[in-house]
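Architecture at a glance
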Amino acid sequence: MLSLWGEDFGAVGRLFDMKAVWSEMAETLSVAPIERCGHLPQEEQPEAVNKLLLDFLKGWNG
C-alpha cells in the first residue's frame, strides 16, 4: 500500500502521525508526505505524486 498526503494539510499532515495510522491497516506500507502541499497533492505537486506512483508501481505485473 502507498499512502500519500499533503505535509502542510493541517487536518491530516500536522495533526496525525499518518504512518502510524496507516500501519494499523496495512502489512506492507510505503508512506510519502508531499512537501509544500496541502489538501490536494495530485493538483498541487503533480510531478512529485506521479514520480512516487511510478516508483511504487515499478515492477508490478498486475
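That block above? That's the structure.
As a starting point, this report considers the structure included with it. (Residues numbered from 1 in each chain as written. Predicted model: local features only at pLDDT ≥ 70, side-chain atom pairs only at ≥ 80, totals over all residues. Heavy atoms only, no water.)

Structural notes on unusual backbone geometry
Unusually for a residue other than glycine, Arg-36 sits at a positive phi of about 50°. Locating Arg-36 in the fold gives a position in the loop between strand 2 (30-34) and helix 2 (41-44). (Helix = DSSP H or I, 4+ residues; strand = E, 2+ residues; numbered from the N terminus.)

Describing the pattern of salt bridges
Taken as a whole and assessed by the stated rule, the structure comprises three salt bridges. Here Arg-36 and Glu-35 are joined by a salt bridge, their closest N and O atoms 3.6 Å apart. In this structure Arg-36 comes out as exposed when scored by relative accessible area, which is 62%. Between Lys-58 and Asp-55 there is a salt bridge; the shortest N-O distance is 3.8 Å. The class of Asp-55 is partly exposed, set by a relative accessible area of 35%. Overlapping salt bridges, with partners in common, bring together Lys-51, Asp-55 and Lys-58 in one network. (Salt bridge = Lys/Arg side-chain N within 4 Å of Asp/Glu carboxyl O. Buried < 20%, exposed > 50% of the residue type's maximum accessible area, 1.4 Å probe, protein only.)

Comments concerning the environment of Pro-46
Within the secondary structure, Pro-46 sits in helix 3 (residues 46-57). Residue classification places Pro-46 among the partly exposed residues on the basis of a relative accessible area of 28%. In the structure, Pro-46 is positioned 12 residues away from Lys-58 in sequence and 18 Å away in space, judged by C-alpha atoms.

Some details on the side chain of Ser-3
In this fold, Ser-3 is placed in strand 1 (residues 2-6). With a relative accessible area of 4%, Ser-3 lands in the buried category. Residues in contact with Ser-3, not counting those within four places in the same chain, are Trp-22, Leu-29, Ser-30, Val-31 and Ala-32. (Contact = heavy atoms within 4.5 Å.)

Quick word on the side chain of Gln-45
Tracing the backbone shows Gln-45 in the loop between helix 2 and helix 3. The class for Gln-45 is buried, based on a relative accessible area of 17%. Residues contacting Gln-45, with those up to four places away along its chain left out, are Ile-34, Glu-35, Arg-36 and Cys-37.

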